[in-house]
Structures are given as C-alpha cells and as structure tokens.
Amino acid sequence: MDEPSMPNSATGASQPTPPAGPPTPPIPLAELLAREELGLRLIAGPAEADLLWVHTSEMADPYPYLLGGELLLSAGVLLTDPDHYVGRLVEAGAAALGFGVRPVHETVPRALIEACDREGLPLLEVGPKTPFTAIARAVWRLMAEARHRELRRVTRAQQALATAAARPDPVAAVLHQLATQLGGRAVLLTARGEEVHAAGRAPVEEVRAAGRRPDQEAAGALIRLARVVARERPGSPSSATDTHGGTHLSAYALGGGQGLVLALATRGRESGDHTVAGIAVVLLSLLAAPHQGADAAGRSAALVRMLLGASPAEVAPLLGSTDPDASTGSWTVVHARRADGAPADALTAGALGASLGTALVDAGRGPGEAVRLLLPGDGEGPGDEPRNGDPAAPAAPPGRGSPPGGIRLTPQPGWTLGASAPTPVTALDTADALAARALAHARATRSPLTVDSPTRGLAALVPPEQAAAHARALLAPLTAPLAETLRCWLSLHGSWDRTAVALGVHRNTVRQRIGRCGELLGADLDDMDVRTELWFALRQG
C-alpha cells in the first residue's frame, strides 16, 4: 500500500512547494478532442490526460515557465532536438503538447512523434486553420462549464447533507447521504479504529489476497489511514489520502475533541469530492461534539460529588439550571424512543438532547430501553398542552426554573416522547416513573409527545396528605401491577387495545387484570363515578 500523503516535516533543506492548481476542475483531454470545430488530432501518446492550463511558447526549452498540467502549444520555431524537448516537457509535468503545422513545419516531425510515444506524452496535431487562441478559448469554456457542474453538484450535496442532519438519526443519515453522493463507503471511526457508524460499500477492488475479501482489505486500509489523522498527538494532520488497489482512501479528523475520524473509500476522486466531504466533516463535528448547554466541568464535578455522597439537591446547581436556587428549581424528565422502533445510539441520543437544549442524556441502558433526558427548567413553555389522558387539563404555566426564554418541549421528528411535569430535584425518581408512563401513553395513542400534568382543578383543593391517605386505603387490595394496569386503562378511556400496547401485553391480559381489579375493589368499573374516584386515587401515586 502506498504511504499516506501527509505534510512534510521541516527536516534538512526546504523543498519547493508545487503550485496549487486552478480553482476550476481539470479538463479531460478527450473533451477537447471532441470539439470538432477545432480539428485537433491525437497522433502520439495516450488519450488520457487532465488539462489544467493552456500555454503557448516557442522557446527551445520552456521548462522554467511551466507549472505542470499544461497543454503546451507550439509551432516548433526553435525545435532542434525533439528528444531533449519532450524530455524537458515531461520533467516539467506538462499534460500534452499541441503542435501547429505551417508555416514552420509542413507536417509534425517524425522524431517528435516517436519521442512523445516513447515518453507517454499526448501529442496533438493542430491544423493551419486553427488559431492557438481558439484552443485556449475552448479550454477556458470547458473549464467554466465543469466549474458550473461542480458548483451545482456541491450545492445539491450540501442541501442533501443538511436535510440528513435534521433527521432523528442525524449521524447515520449524514454518513448514508455522503456515501450516496460520493458513490463509496463512509465510516465514522474512533481514534483506535473502532467503527461507530458506517454507510455504503467500498468499491470492488482487484485484490487476490489469500483468505481475505476485498472489502476487508479496504476496511483495514481505512483504519490505518484513520490512525494517521486521529488527534492523539500534537502535529497530527487534519486529513490524509491514500490509494489501495483501485480504491481512493481519505480520512478527516472531526472537531470537538472527541478523537473521531471520518474515513472514505471511493472508486476515484472527482472534482468537488473534497468540498462535499468537508461539508460532512463540519456537520458530523457539530453532531458528535458534546452539547455545550451545561458546562462539562460542572457535570464532571456533579458526578464526583454524587459518587462521594452528595445529594441531588446539592449538585443540581452544577448541572445547568439558571434558577437562583437550583436546588429547589424545576426539572423535567423526558423518556424517548425512536418512532421506527430502531435502537438509539449515543450520538443519535446526543443529537436529540441538543434539539431539546440539554446535555444531560442517558442512552447507555441497553437495547430496548428508552433514552432518558433531564431538562433544567420547566421543559415546556406557554402554549404547550400536556396530555396524560386528561384532555381538559390546562397548559402548564412556566415555572421558576425556566431558563431565559424557557425550554419549549415540542415534538421531535422521528421520536416519540413522554415527559414528566416540572419537578423539584428531590423528586426526580418519581418524575422518572411519570415520564415512563407518559411515553407508554404516547406510544399507545400514537402521539409524538405526551406530558404528564400535575394535579389541578378540584383535586388540587384536597390537602395532599389527606388525598394520599385516601388513595392508600382505596387501592390497598391491588398489587402494583394491577394498580398500574388500572391507571393505564383509565388514562386511555378504557381502551383494551391501547392499554395492551402501552403495557406491552396481550389485550386479553388487560381484560383479565381489569376484571380482577373490579373483584378486589368490589366496584363496578363501568360506573363513571367509580372511575373518577379511582382516577383521583391513582393520580396521588
């Protein structure tokens, strides 16, 4: 495998830096030959070449004036040694030679044709009726058209990548869109080469390594290249490129200090690919970086203090609440699941947290578990309508813990959310259970967001101690699973199917449990008065 291209270290004598190419895509020689009005004819050398410039010179040795990549046009006024002349052009990096016949030479010299064939330099015969300026004008026009195509392609890619970044799974969506745009494979790797996300497939290579497949070879090469740019030591380059077989490899270090690397494997490198990859690097850096709504040092200090025995109320001021007395301010617990049922990884959950304005995200509880988020403040602003099976409940007013402007808890595309009412930090365990109930209710009713509402109305007029005592006495015959089933069934207006969905059980199980509740309570659960009193009691828990 070729060595990855990297910046040279300043050791010993300084080497001349080759000039940068023009801000336009190179033009394939075949496109210029296809312009019939020019009458150009390839008479020696290969037909494949990329033209970066057009230059006219009648010097015997134009080497000092060439940058590389030129189509050099000459009538051979001072041509005396074709072998030396062609050798110097190849040494200078010229892309092709256009030789004009008449008035100096009636035909292209045979020795020049043989030298170009020997050196592999494309040689074009320019007819006497084709001015050199016409060739230059045609090349510039082709460059302008190619530049326009490149800009349109980059613009479309930027729009597609930005749209992908707004999806519920932004990191995976951006990688998938990038792989589609570049026609290859895009992989997000850690500094140790561990795959975080991947999309697309690497181009099929002509690899015949015994016992290994081509895609395995490319994956290994990508990991090695990623380690080159992984920012684990000072001076690491921000990007690197390499080739493996017929596959072009590139790696880009993401910002944000996470040590992540975007690695790409494509069939070749087309004009605009680097710009498209750069757009993806910016988006992925923003998506993968830790959210800055709460200071990372404060979160670390809060964790240390809790491990050393501090209470939640003592560490709450370190977690981003702007309430003057954060230990008594409001917090909102949110449970979330992907609407398509797919598991949510840490990066996807982090993107959801960024959308909701919080860095306090728990996505590591295992497959099948909901993502949990903690929002300092009310978690809802004016106009949000909490729903918990009580459609008549009014919208919750902003609480004392709301940050400036308030955190407005709104539905998130591709997610199903359940949230608790604003809760003091000392009651977050209860709020966690209420958020789980709200999420179950949202999934059962196919609602994108359900917010558990605090006790209001007539129920709020009863002293909490008396209400709790009455609830304990009334519900004493029920076990915890039966009480939860009854609460869920009442919240869903007695729907067997929705209750079964919310609880994750069969509808017949719901019927059996509700029937058992009626027997143990000695009550007719079809009676609205009975249902109302039971709902009041269940709301106290």
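The numbers attached to residues start from 1 for each chain and follow its sequence in the written order. Only residues with pLDDT of at least 70 are given local features in this predicted model, and only at 80 or more are side-chain atom pairs given and counted; all residues enter the totals for whole chains, interfaces and linings. As a rule here, side-chain values cover all heavy atoms of the structure and leave hydrogens and water aside.

1. Re the overall build of the protein
Then, number 1: Numbering of helices and strands starts at the N terminus; helices are DSSP runs of H or I of at least 4 residues and strands are runs of E of at least 2. When you go through the protein residue by residue, the secondary structure sums to 16 helices and 18 strands.
Then, number 2: Think of it in three bands: with a 1.4 Å probe and only protein chains considered, a residue is buried below 20% of the maximum accessible area for its type, exposed above 50%, and partly exposed in between. Looking at the 541 residues of the protein, the share that counts as buried comes to 44%.
Then, number 3: Contacts are residue-level and defined by heavy atoms, with any inter-residue pair within 4.5 Å sufficient. Pairs at least 24 residues apart make up 65% of the contacts formed inside the protein by residues separated by at least 6 positions.
Then, number 4: Summed over all atoms, the accessible surface of the protein reaches about 27,200 Å², with 54% contributed by carbon and sulfur. Accessible surface is estimated by sampling points in the Shrake-Rupley manner with a 1.4 Å probe; for residues, cover comes only from the protein chains shown.

2. Concerning helix α10 (residues 346-356)
Then, number 1: Residues of α10 that are buried: Leu347, Thr348, Ala349, Ala351, Leu352, Gly353 and Leu356.
Then, number 2: Just past α10, the residue Gly357 takes up positive phi, approximately 80°.

3. Focus on the pairing of strand β7 (residues 123-126)
Then, number 1: Note on pairing: two strands pair once DSSP finds at least 2 bridges between them. Here strand β2 (residues 41-44) pairs with β7 via 3 bridges, running antiparallel. Across the sheet, Arg41 pairs through a bridge with Glu125, a residue of β7.
Then, number 2: The pairing of strand β6 (residues 96-100) with β7 spans 4 bridges and is classified as parallel. Within the sheet, the bridge partner assigned to Gly100 lies in β7 and is Val126.
Then, number 3: One crossover worth recording links β6 to the parallel β7 by way of helix α3 (residues 110-119), and it is right-handed. Seen with its strands pointing away from the viewer, a crossover is right-handed if its path from the first strand over the helix to the second goes clockwise.

4. A short note on the packing of aromatic side chains
Then, number 1: Stacked, tilted and edge-to-face pairs are distinguished by plane angle, under 30 degrees for stacked and over 60 for edge-to-face with tilted covering the rest, among Phe, Tyr and Trp rings (Trp via its six-membered ring) whose centres lie within 6.5 Å. Across all of its chains, the model carries 1 aromatic pair by this definition.
Then, number 2: In this structure, Arg88 packs its charged tip against the face of Tyr63, placed 4.1 Å from the ring centre. Distance and angle both matter: a charge sits over a ring if NZ of Lys or CZ of Arg is within 6 Å of the ring centre and within 35 degrees of the ring normal.

5. Considering the confidence of the model for the protein
Then, number 1: Averaged over every residue, the pLDDT of the protein is 78; residues scoring 70 or more account for 77%.
Then, number 2: pLDDT under 50 marks residues 379-407. Its contacts with residues more than four places away, or in other chains, come to 71 contacts. Every residue gets a pLDDT, meaning the predictor's confidence in that residue, from 0 to 100.

6. Considerations on the nonpolar core
Then, number 1: What we call a nonpolar core is a set of buried Ala, Val, Leu, Ile, Met, Phe, Trp, Tyr and Cys residues that are connected through their side-chain atoms within 4.5 Å. Within the largest apolar cluster, 30 residues are counted, with the highest numbers of intra-cluster contacts made by Leu161, Val174, Leu175, Leu178, Leu262 and Leu264.
Then, number 2: Taken together, the elements giving at least two residues each to this core come down to α4 (132-165), α5 (170-182), β8 (185-189), β12 (261-266) and α7 (273-288).
Then, number 3: If you tally residues by element for this core, the top one is α7, at 9 residues.
Then, number 4: Leu29, Val54, Ala96 and Ala146 belong to the second largest nonpolar core, which has 22 residues in total.

7. Examining the sheet that holds strand β5 (residues 70-74)
Then, number 1: The 5 strands are arranged β2-β7-β6-β5-β4 in an open sheet whose pairing can be described as mixed. Of all the strands in the sheet, the pair left with one neighbour each is β2 and β4 (53-56). Strand-to-strand, the axes of this sheet are offset by a mean angle of 30°, without reference to chain direction.
Then, number 2: Sheet contacts for α3: β2, β6 and β7; angle to β2, the most-contacted strand, approximately 80°. Note on geometry: axes are lines fitted to C-alpha atoms, helical ones only across the stretch in contact, with angles between N-to-C directions running from 0 to 180 degrees.

8. Concerning the packing of helix α11 (residues 428-445) against helix α14 (residues 496-503)
Then, number 1: As a packed pair, α11 and α14 sit with axes 8 Å apart at the nearest point and diverge in direction by 130°. As far as their axial angle goes, α14 and α11 are oblique. Every pair of crossing elements has a handedness; the one defined by α11 and α14 is right-handed. For the pair formed by α11 and α14, the contact residues are Ala440, Arg443, Ala444 and Thr445 on the first element and Arg498, Val501 and Ala502 on the second.
Then, number 2: Of the residues in the contact of α11 with α14, the class split is 4 nonpolar, 1 polar and 2 charged. Angles are sorted into four bins: roughly parallel if under 35 degrees, roughly antiparallel if over 145, roughly perpendicular if 65 to 115, and oblique for all others. Each helix crossing is assigned a hand: it is left-handed if the near helix lies turned anticlockwise from the far helix by less than a right angle, otherwise right-handed if that turn is clockwise. Ten residues, namely Ala, Val, Leu, Ile, Met, Phe, Trp, Tyr, Cys and Pro, are considered nonpolar, four, namely Asp, Glu, Lys and Arg, are considered charged, and the remaining ones, Gly among them, are considered polar.

9. Some details on empty space enclosed by the protein
One way to see where empty space is left: roll a probe the size of a water molecule over the atoms.
Then, number 1: The definitions used throughout rest on a 1 Å grid laid over the protein atoms alone, on which a cavity is an enclosed set of points accommodating a 1.4 Å probe that cannot get out and a pocket is an open set flanked by protein within 12 Å on both sides along at least five of seven lines; lining residues are those having an atom within 4 Å of a point. Grid points are joined across faces, edges and corners, and a volume is the space filled by probe spheres set on the points. Applying the stated criterion to the full structure yields 1 cavity of 30 Å³ or more.
Then, number 2: Of the voids in this model, the largest cavity is the one considered here, and its volume is about 60 Å³.
Then, number 3: What lines the largest cavity is simply Leu182, His248, Ser250, Tyr252, Leu264, Thr266, Gly268, Arg269, Asp273, His274 and Ala277.
Then, number 4: Those elements giving two or more residues to the lining of the largest cavity turn out to be β11 (247-253), β12 and α7.
Then, number 5: Classifying every residue of the lining of the largest cavity by side-chain character gives 4 nonpolar, 5 polar and 2 charged.

10. Some thoughts on the pattern of salt bridges
Then, number 1: We define a salt bridge as a side-chain nitrogen of Lys or Arg found within 4 Å of a carboxyl oxygen belonging to Asp or Glu. This structure, assessed with the given rule, holds 20 salt bridges.
Then, number 2: In this structure, Arg118 and Asp83 form a salt bridge, with 2.5 Å as the shortest nitrogen-oxygen distance. Of this pair, Arg118 sits in helix α3 while Asp83 sits in helix α2 (residues 82-92), and the two are 35 residues apart along the sequence.
Then, number 3: Relative accessible area serves as the criterion here: at 52%, Arg118 is assigned to the exposed category.
Then, number 4: On the accessibility criterion, Asp83 (44% relative accessible area) is partly exposed.
Then, number 5: Between Arg372 and Asp362 there is a salt bridge, with the nearest N and O atoms lying 2.9 Å from each other. Here Arg372, found in strand β15 (residues 371-376), pairs with Asp362, found in strand β14 (residues 361-362); they are 10 residues apart in sequence, far enough to count as distant.
Then, number 6: The exposure class assigned to Arg372 is partly exposed, which follows from its relative accessible area of 25%.

11. Let's talk about a nonpolar patch on the surface
Then, number 1: On the surface, Val77, Leu78 and Val104 cluster together to form a nonpolar patch covering roughly 250 Å² of accessible area.
Then, number 2: Secondary-structure assignment places Val104 in the loop between β6 and α3. Patch membership needs two things, relative accessible area over 30% and no salt bridge, and members are linked within 9 Å if like-charged or within 5 Å if nonpolar (Val, Leu, Ile, Met, Phe, Trp, Tyr).

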